[in-house]
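Structure assessment
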Amino acid sequence: MALIARNAHVLQSHNPLSDDQIMRVAPSIFATEPHERMSERYTEIPTISVLNALRSEGFLPFMVAQTRVRDQGRREFTKHMLRLRRAEDVTAREANEVILINSHDGSSSYQMTAGVLRFVCMNGLVCGDNIIGVKVRHSGDVVDQVVEGAYTIAGEFRRVDEDKERMRAIELDRRQQAVFANAALQVKFGDVAPVTAEQILRPRRFDDEGNNLWNTFNRVQENLTKGGLRGHASTGRRVTTRGVTALNNDVRLNKALWTLADEMAKLAA
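Just so it is clear, the model here is predicted, and its values are computed rather than measured. For every chain, the first residue of the written sequence is number 1, and numbering continues from 1 along that sequence. With pLDDT at 70 or above as the cut-off, local features in this predicted model cover only qualifying residues; side-chain atom pairs require 80 or more to be listed or tallied, and sums for whole chains, interfaces and linings still use all residues. In computing side-chain values, all of the structure's heavy atoms are included and hydrogens and water are not.

**Re the overall build of the protein chain**
Counted only if it meets this: Numbering of helices and strands starts at the N terminus; helices are DSSP runs of H or I of at least 4 residues and strands are runs of E of at least 2. For every residue, the accessible area obtained with a 1.4 Å probe (protein chains only) is divided by the maximum for its type, and the residue is called buried under 20%, exposed over 50%, and partly exposed between those limits. We get accessible surface area from the Shrake-Rupley algorithm with a probe of 1.4 Å; when it comes to residues, only the shown protein chains can shield them.
Across its full length, the protein chain holds eight helices and 10 strands. Relative to its 269 residues, the protein chain shows a buried fraction of 53%. When the accessible surface of the protein chain is totalled, it reaches about 13,300 Å², and 48% of it is carbon and sulfur.

Below, the structure written as structure tokens:
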């Protein structure tokens, strides 16, 4: 069953995505030539060629996204993201993923980082900069470099699992949870947040109840990324927070929240 988010440029599924499904959401993945703005030094390697190489290595796509563009001439070349995983990287609760980001208009090199999908809410986390990331320029043997990069990311999954278990083992009191939530609000909204720390600490499901750092992190992450919370703007006007749908903002916020949780775990050690 496919799950289509409110953002029309995102598709997530419980089963590996087919080329037809990917094409409907992210046609830029199939671009065979770069945007006209790119120089002759730019090496065009279609993302679909890289994806097929990764598929042959057992990395299968379960989520795809493409950035919105006002200039429709860039729609076939703009930044896109794939989240891929292998069967052996899946547990009953979560799946470790390789996140691949690319574009064909110069807005992004091939970038890879680690991620975690929580099946209970189909919510994708992005690991922070404490977990290794890989970037590959559009030059030389890009396909082999990206496949090698995927294995490099997969080699970090044990560290990701260790980080998750470390967070699960750390209990936070109410004050510590409030400190984490207020720092997260600062990351998302700056100095004036329309909602409170108490609101983003509320669980949306039974599985996220509990006071450990992992549960606290996941409650805050989901409330900030999915939105739907009622609050007040700085003018006093009633507002409802919006979900994060822009690809760049989603990755940036998720990385920041993971890093925040990791730093808090270090302080508790």
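From this point, the narrative continues.
**As for helix α2 (residues 47-56)**
Filter applied, for reference: What makes two residues a contact is simply this: any of their non-hydrogen atoms within 4.5 Å.
Of the residues making up α2, those classed as buried are T47, I48, V50, L51, A53 and L54. Elements in contact with the buried residues of α2: α1 (19-25), β3 (60-66), β4 (80-85), β5 (94-102), β6 (110-118) and α3 (142-154). G58 sits one or two residues past α2 and shows a positive phi near 95°.

**Regarding the confidence of the model for the protein chain**
What counts, and what does not: Scored from 0 to 100, pLDDT reflects the predictor's confidence in each residue.
Averaged over every residue, the pLDDT of the protein chain is 86; residues scoring 70 or more account for 86%. Mean pLDDT across the elements of the protein chain bottoms out in strand β1 (residues 2-4) (42) and peaks in helix α6 (residues 197-200) (97). In the model, residues 1-8 has pLDDT below 50 throughout and makes 21 contacts with residues more than four positions away in sequence or in other chains.

**Some details on the environment of Q66**
We apply this condition: Polar contact is the term for a pair of N or O atoms within 3.5 Å; when the atoms are in protein, one must be able to donate a hydrogen and the other to accept it, and sequence-neighboring residues count only if both atoms are side-chain atoms.
The topology assignment puts Q66 in strand β3. Take Q66: its relative accessible area is 3%, and that puts it in the buried class. Sequence spacing of Q66 and N248 is 182 residues, and the spatial spacing of their C-alpha atoms is 10.0 Å. Of note is the side chain of Q66, whose polar atom sits 2.8 Å from the side chain of S28.

**Details of the pairing of β5**
Note the following rule: In this description, strands pair whenever DSSP reports at least two bridges between them.
Among the nine residues of β5, nine are classified as buried, and the element is accordingly described as predominantly covered. Going residue by residue along β5, you find E94, N96, V98, L100 and N102 tucked away on one face and A95, E97, I99 and I101 tucked away on the opposite face as well. When β4 meets β5, the two strands line up antiparallel, connected through five bridges. In the sheet register, L82 faces β5, and the bridge partner there is L100. Both β5 and β6 contribute to a ladder of eight bridges, which runs antiparallel. Residue pairing across strands places A95 opposite L117, the latter belonging to β6.

**Side note on the nonpolar core**
Short version of the rule: What we call a nonpolar core is a set of buried Ala, Val, Leu, Ile, Met, Phe, Trp, Tyr and Cys residues that are connected through their side-chain atoms within 4.5 Å.
If you look at the biggest cluster of nonpolar residues, it comprises 59 residues, and the most contacted ones within it are L54, V64, L100, M112, V146, F217 and W258. Counting residues in each nonpolar core, the second largest holds nine residues, with M63, I101, L247 and V251 among its members.

**Re the layout of surface pockets**
Test applied: Each cavity reported here is a set of points on a 1 Å grid over the protein atoms alone in which a 1.4 Å probe fits but cannot get out, each pocket an open set with protein on both sides within 12 Å along at least five of seven lines, and each lining residue one with an atom within 4 Å of a point. Grid points are joined across faces, edges and corners, and a volume is the space filled by probe spheres set on the points. Just so you know the grouping, Ala, Val, Leu, Ile, Met, Phe, Trp, Tyr, Cys and Pro go in nonpolar, Asp, Glu, Lys and Arg go in charged, and all remaining residues, Gly too, go in polar.
Approximately 360 Å³ is the volume found for the second largest pocket. Around the second largest pocket, the lining is made up of 20 residues, and of these K188, F189, R242, G243 and V244 lie nearest the centre. Where the lining of the second largest pocket is concerned, the elements lending two or more residues are α5 (174-189), β10 (238-240) and α8 (247-268). When residues in the lining of the second largest pocket are grouped by element, the largest group, four residues, is from α8. The residue makeup of the lining of the second largest pocket, split by class, is 10 nonpolar, seven polar and three charged.

**Here we look at the pattern of salt bridges**
Stated precisely, the cut-off is as follows: Here, a salt bridge means any side-chain nitrogen of Lys or Arg that lies within 4 Å of a carboxyl oxygen of Asp or Glu.
Under the criterion given, the structure shown has 19 salt bridges. K164 is the partner of D161 in a salt bridge, and the nearest nitrogen-oxygen pair spans 3.3 Å. Of this pair, D161 and K164 both sit in helix α4 (residues 157-168), three residues apart, which is roughly one turn of that helix. Judged by its relative accessible area of 5%, K164 is buried. In this structure, R205 engages D208 in a salt bridge whose closest nitrogen and oxygen atoms are separated by 3.2 Å. Judged by its relative accessible area of 0%, D208 is buried. Through salt bridges that share partners, E94, D161, K164, E165 and R168 make up one connected network.

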